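These are the residues of each chain, in order.
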Amino acid sequence: MTNKGSRPIEFRSGLLGWYRARRRKLPWRGTKDPYKLWVSEIMLQQTTVQAVIPYYERWMTLFPDAASLARAPLRKVLKAWQGLGYYRRAQNLRVAAKIIVNNYGGRVPADFEEISKLPGVGPYTAAAVLSIAFDKPYPVVDANVRRLMMRVLAIRGEAVPKHDAAILEFLKPVISKRSPGAFNQALMEVGGRICKPRNPLCPRCPARPACSAYREGLQEVIPRPRKMARPKRIEAVVAVIERDGRFLIRKRPEPGLLGGLWEFPGGKRKPRESRVAALRRELREEVGAPTRDEKFLAKVRHAYTTFEVDLYAYRCRLEGEPDPSRGRLKWVTSKGLRYYPFPSGSAKIIRRIEEGNVA
Ligand code: SF4
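Here the structure is a predicted model, which is why all the values come from computation and not from measurement.

Draft legend 1. Region of the structure containing the site of the ligand. Neighbouring residues of the ligand: R151, V152, C195, P200, C202, C205, R208, C211, Y214 and Q219. For the shell around the ligand, the class distribution of residues is 7 nonpolar, 1 polar and 2 charged.

Draft legend 2. Geometry of the sheet that holds strand β6 (residues 291-303). Taking strand neighbours across the sheet as the criterion, the 4 strands line up as β5-β1-β7-β6 in an open arrangement whose pairing is mixed. Among the strands making up the open sheet, the edge pair consists of β5 (266-268) and β6. Neighbouring strand axes in the sheet, compared pairwise and without regard to direction, differ in orientation by 20° on average. For strand β1 (residues 232-240) and strand β7 (residues 307-318), the ladder comprises 9 bridges, and the chain directions are parallel. From the neighbouring strand, V240 faces β7, where its bridge partner is R315. Sheet contacts for helix α14 (residues 344-355): β1, β6 and β7; angle to β6, the most-contacted strand, approximately 115°.

Draft legend 3. Just unusual backbone geometry, in detail. Following I222, the chain continues to P223 via a peptide bond in cis, the omega torsion being -15°. In this structure, P223 sits in the loop between α12 (212-216) and β1.

Draft legend 4. Representation of helix α3 (residues 49-62). Relative to the 20 Å expected for 14 residues at 1.5 Å per residue, α3 spans 20 Å between its end C-alpha atoms, a close match to the ideal helical length. For α3, the set of buried residues is V49, V52, I53, Y55, Y56, W59 and M60. Those residues of α3 that are buried are in contact with α2 (34-44), α4 (66-71), α5 (74-81) and α6 (88-103).

Draft legend 5. Summary view of the packing of aromatic side chains. Scanning the entire structure with this criterion turns up 11 aromatic pairs. Here W59 and W81 contribute two aromatic rings whose centre-to-centre distance is 5.6 Å and whose plane-to-plane angle is 75°, an arrangement assigned as edge-to-face. Of this pair, W59 sits in helix α3 while W81 sits in helix α5, and the two are 22 residues apart along the sequence. Judged by its relative accessible area of 0%, W59 falls in the buried class.

Draft legend 6. Representation of the pattern of salt bridges in the model. Taken as a whole and judged by the stated rule, the model has 27 salt bridges. E235 is the partner of R275 in a salt bridge, and the nearest nitrogen-oxygen pair spans 2.7 Å. Here R275, found in helix α13 (residues 275-286), pairs with E235, found in strand β1; they are 40 residues apart in sequence, far enough to count as distant. The closest approach of N and O atoms between D293 and R292, which form a salt bridge, is 3.0 Å. Here D293 falls in the partly exposed class, since its relative accessible area comes to 45%. What makes R292 partly exposed here is its relative accessible area of 33%.

Draft legend 7. How the structure looks around the packing of helix α1 (residues 8-22) against helix α10 (residues 164-174). Between α1 and α10, the shortest axis-to-axis distance is 10 Å and the interhelical angle comes to 75°. One way to sum up the angle between α1 and α10 is to call them roughly perpendicular. Contacts between α1 and α10 involve P8, F11 and R12 from the first element and F170, L171, P173 and V174 from the second. The residue inventory of the contact of α1 with α10, partitioned by class, reads 6 nonpolar, no polar and 1 charged.

Draft legend 8. Fine view of the environment of M188. Inspection of the secondary structure assignment puts M188 in helix α11 (residues 180-193). Residues M188 and N144 lie 44 residues apart in sequence; the distance between their C-alpha atoms is 6.0 Å. M188 has contacts with E41, Y124, V140, D142, N144 and V145, leaving out every residue within four places of it along the chain.

Draft legend 9. Here's a closer look at the pairing of strand β3 (residues 246-251). The buried count for β3 comes to 5 of 6 residues, which makes it a mostly enclosed element. Bridge analysis of strand β2 (residues 242-243) against β3 gives 2 bridges, and the strand direction is antiparallel. Within the sheet, the bridge partner assigned to R243 lies in β3 and is R246. Counting the residues between successive antiparallel strands, the hairpin from β2 to β3 contains 2 residues, one of them, D244, with a positive phi of roughly 50°. Bridging between β3 and strand β8 (residues 329-333) involves 5 bridges; their strand directions are antiparallel. Counted as the bridge partner of I249 is K330 from β8.

Rules and cut-offs
Residues numbered from 1 in each chain as written. Predicted model: local features only at pLDDT ≥ 70, side-chain atom pairs only at ≥ 80, totals over all residues. Heavy atoms only, no water. Near = heavy atom within 4 Å. Nonpolar A, V, L, I, M, F, W, Y, C, P; charged D, E, K, R; others polar. Pairing = 2+ DSSP bridges. Helix = DSSP H or I, 4+ residues; strand = E, 2+ residues; numbered from the N terminus. Axes fitted to C-alpha atoms, helices over the stretch in contact; angles between N-to-C directions. Contact = heavy atoms within 4.5 Å. Expected span 1.5 Å × (residues − 1). Buried < 20%, exposed > 50% of the residue type's maximum accessible area, 1.4 Å probe, protein only. Phe/Tyr/Trp six-rings, centres within 6.5 Å; stacked < 30°, edge-to-face > 60°. Salt bridge = Lys/Arg side-chain N within 4 Å of Asp/Glu carboxyl O. Parallel < 35°, antiparallel > 145°, perpendicular 65-115°, else oblique.

Here it is in structure tokens:
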């Protein structure tokens with residue numbers, strides 16, 4: 001542990017003063033409602049604040065409390081999440097809301113052990129909700145806090161969770177007992193806006209007097225940059241089949257990647273397979289009947305966290321009838337498509353069809 005140089009009291013008062021004067025206005029700021037804070041924290045995992053704001057606002061009109069979320073059909077919940085990615089988070093929120101209604105009288109538990117039993121609630125979310133909603137002094141460590149604290153404490157190496165124990169050991173006695181929520185939010189916000197991964201804005205940083213990396217000129221080498229694997233590129237084909245004004249869609253199996261979402265039937269192209277051959281094979285497997293009269297419609301690209309997909313959509317006919325034993329298949333009008341949750345790649349194809357922006 002290399003925290004000899006850091007100054008805990010100065011560190012705390014600097015953060016709180018900065019937060020009072022410079023915090024961002026956000027829709028979930030100012031509320032003490034643990035449900036709202038919990039939803040915002042789950043949405044903010046892996047997603048930027050700017051991207052989350054419209055989702056959060058829409059979510060709160062649809063599901064203003066745990067009871068309304070617990071009652072909502074999964075399809076509606078996933079639709080409200082569409083585009084945020086990591087759909088397991090939305091599914092966990094809904095399951096947790098049911099537990100809150102059934103076991104805790106509709107109120108988010110105010111106890112670390114109890115709240116940590118809810119699906120999708122790890123130590124970070126538990127600490128964030130308990131400190132902000134209930135003024136309990138649990139420090140948080142997210143990716144931004146980890147980077148900031150590694151610099152403050154001059155902890156060398158990559159920014160990985162193995163450093164969190166040392167960071168928490170420093171933060172536990174330092175967190176403000178009167179305003180733990182403000183302290184945690186200050187840490188997260190300074191980490192995100194000031195102590196950026198590259199070119200941190202040290203002259204504006206309230207943690208500077210306590211920062212060992214700043215003092216030693218190590219801001220650019222702590223943490224050590226991680227080698228990012230190049231995302232895998234996948235090519236997939238999908239069939240846009242329309243009959244009597246209705247489109248054939250298929251529910252992705254659960255559990256599994258993007259499970260519970262809907263899509264146009266199709267799948268990955270194999271090496272050396274033509275796109276049309278891949279389409280016919282996939283449709284035979286997924287729908288029980290191959291396609292014919294395939295006509296190229298559109299190509300869209302979408303980047304997921306670990307892979308990128310080039311999605312080729314073909315308008316085509318079905319050779320025969322769909323086999324219902326192959327999974328959940330539905331014929332849906334173009335207007336009806338907007339009520340189903342789709343992965344982002346399929347959603348882009350629907351937008352292109354609606355806009356008439358196709359080949
Ligand atoms: Fe990060 Fe610079 Fe602040 Fe240190 S002084 S915490 S390196 S922004």
